[in-house]
Structures are given as structure tokens and as C-alpha cells.
Amino acid sequence: MASSKGGAASPAVLRASEMEKMSVEQLKALKEQIDLEVNLLQDSLNNIKTATGRLETTATSLHDLSLRPQGKKMLVPLTASLYVPGTLDDADKVLVDIGTGYFVEKTMNEGKDYCERKINLLKSNFEQLIEVCFQSIFVLRMLRNCLHLEIVAQDT
């Protein structure tokens, strides 16, 4: 499994000719490795999709919040299922969760911009990851076919 430059080849760039030279045990081990890789990629895709959905909901909530008048009574979410009563003090300033429990005070427009930038970044990452996932699935199918042919050849 060496590339032409001397380094190890990624499983996603294996060629059928390289697979034909492998033993059944090597093919099975590689199949398990690529199965794991595909599962991890699919989990990552699901996580990105979930995070994108949350950010889109947040952007919508920021827009709705900007339309409310000062002094408006509302429920403030502390967690996904716990809300406490509150009063809107200043709709132009929001706290933005930037990760790992850190919050930054931003203006409403800066908060919306932050959400949009994160959404665009996640969508870009999603597109790149889906491409890698399709490549890995293609290699996995080639590998399964090669493994099947090897096993049939051994039985004859």
C-alpha cells in the first residue's frame, strides 16, 4: 500500500490493481478499517447537520428577538428544557456562545453575522466531508468486490 512518492497510501485512493495483489486477510482487515472510517464520516456528517440546524434556529431567534420591544416579558432558555421568566432589557446586545462555555457580548448584527459565518463554515465542511465519504464508500464497494472474487477463486 505505498504511493508513488514512497509514503503510505490512503485507503480512499487505493486502485483495483493494488487490491488484487492483497491476500484475503489483508483485504478483510482493510475492509474493516474502511467500514470504521465510513461510519465515523457518517457520524461527523450527522453532527455537522445537527450543529447547522441549531445555528440556523439561533439566527432565526436572533431575528425574532430584534423585533421585540424593550421591556417585553419573555421566557429565557437556560438549557434545552429549562426556561425562566425574564424581561428584555436591550435587544441590541446578545451573549454569543463561542464554545466550551465561553460567551462574548456582541451587538445583534454581530451575533447574526457570527451565526451566518459559522453556518457557512459548517456547510463548506459538510460538502468536503461528503466528498470524502463518497470516495470511501466507492473504495469499500471495490474492496468488497475484490474480496468476493478472491474468496470465489480460493473455493475453485
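Cut-offs and rules
- Residues numbered from 1 in each chain as written.
- Predicted model: local features only at pLDDT ≥ 70, side-chain atom pairs only at ≥ 80, totals over all residues.
- Heavy atoms only, no water.
- UniProt positions renumbered as here; feature names shortened; annotations may be inferred.
- Patch = residues over 30% accessible without salt bridge, like charges linked within 9 Å, V, L, I, M, F, W, Y side chains within 5 Å.
- Areas by Shrake-Rupley, 256 points an atom, 1.4 Å probe, with all protein chains shown as cover.
- Salt bridge = Lys/Arg side-chain N within 4 Å of Asp/Glu carboxyl O.
- Helix = DSSP H or I, 4+ residues; strand = E, 2+ residues; numbered from the N terminus.
- Lys, Arg positive; Asp, Glu negative; His and termini not counted.
- Charge placed at Lys NZ, Arg CZ, Asp CG, Glu CD.
- Buried < 20%, exposed > 50% of the residue type's maximum accessible area, 1.4 Å probe, protein only.
- Contact = heavy atoms within 4.5 Å.
- Core = buried A, V, L, I, M, F, W, Y, C linked by side-chain atoms within 4.5 Å.
- Pairing = 2+ DSSP bridges.
- Axes fitted to C-alpha atoms, helices over the stretch in contact; angles between N-to-C directions.
- Parallel < 35°, antiparallel > 145°, perpendicular 65-115°, else oblique.
- Left-handed = near helix turned anticlockwise from the far one by under 90°.
- Nonpolar A, V, L, I, M, F, W, Y, C, P; charged D, E, K, R; others polar.

The protein chain goes by prefoldin subunit 5 in an unreviewed UniProt entry, where it is assigned to Salix purpurea. Per UniProt, the protein chain carries the Sequence similarities (unreviewed entry) text "Belongs to the prefoldin subunit alpha family."

Colleague: Is there a simple way to explain a nonpolar patch on the surface in this structure?
Modeller: Together, V76, L78 and L82 line one region of the surface with nonpolar side chains, adding up to about 250 Å² of accessible area. Tracing the backbone shows L78 in the loop between β1 (73-77) and β2 (83-87).

Colleague: Got a minute to help me understand a negative patch on the surface in this structure?
Modeller: Together, D89, D90, D92, E105 and E110 give the surface a local cluster of negative charge. Assignment of secondary structure puts E110 in helix α3 (residues 108-155). E110 sits in the partly exposed class, given a relative accessible area of 41%.

Colleague: Honestly, unusual backbone geometry in this entry has me stumped. Any pointers?
Modeller: The general pattern is negative phi for most residues beyond glycine and trans for most peptide bonds. Phi angles above zero are rare outside glycine, and T100 is one such case at about 45°. Overall, T100 belongs to the exposed group, its relative accessible area being 76%.

Colleague: Which parts of the structure should I look at to understand the environment of I48?
Modeller: Following the sequence through the fold, I48 ends up in helix α2 (residues 24-66). Taking relative accessible area as the criterion, I48 reaches 13% and is therefore assigned buried. Sequence separation between I48 and N125 is 77 residues, and the spatial gap between their C-alpha atoms is 8.1 Å. For I48, the residues in contact, after removing those within four places along its chain, are L122, N125, F126 and L129.

Colleague: Just to check I follow, could you spell out the nonpolar core for this structure?
Modeller: Counting residues in each nonpolar core, the largest one holds 31 residues, and the members touching the most others are M19, L27, I34, V94 and L143. Secondary-structure elements contributing two or more residues to this core are α2, β3 (93-99) and α3. The greatest single-element share of this core, amounting to 13 residues, is contributed by α3.

Colleague: For this particular structure, what's the right way to read the pairing of β2?
Modeller: Regular strands place their side chains on alternate faces of the sheet. Pairing between β1 and β2: 5 bridges, direction antiparallel. The residue of β2 that forms the bridge with M74 is G86.

Colleague: Quick question: what am I supposed to make of the pattern of salt bridges here?
Modeller: Should the charged atoms of two oppositely charged side chains come close, the side chains can pair. Enumeration over the complete set of coordinates arrives at 4 salt bridges. Here D35 ties to K31 by a salt bridge, and the two come within 3.0 Å at their closest N and O atoms. Of the two residues, D35 and K31 are both situated in helix α2; the distance of 4 residues between them amounts to about one turn of the helix. By relative accessible area, which is 23% here, K31 ends up partly exposed. Of the charged contacts, one joins R144 and D35 as a salt bridge, the two residues approaching to 3.4 Å between their closest N and O atoms. Of this pair, R144 sits in helix α3 while D35 sits in helix α2, and the two are 109 residues apart along the sequence. Take R144: its relative accessible area is 42%, and that puts it in the partly exposed class. The network of salt bridges with common partners includes K31, D35 and R144.

Colleague: Explain the packing of α2 against α3 here, please?
Modeller: A pair of packed helices can be characterised by two numbers: the angle between their axes and the separation between those axes. For the pair α2 and α3, interaxial distance at closest approach is 7 Å and the crossing angle is 160°. Comparing the axis directions of α2 and α3 gives the class roughly antiparallel. Crossing hand, α2 versus α3: left-handed. Looking at the contact of α2 with α3 residue by residue, the classes come out as 29 nonpolar, 10 polar and 12 charged.

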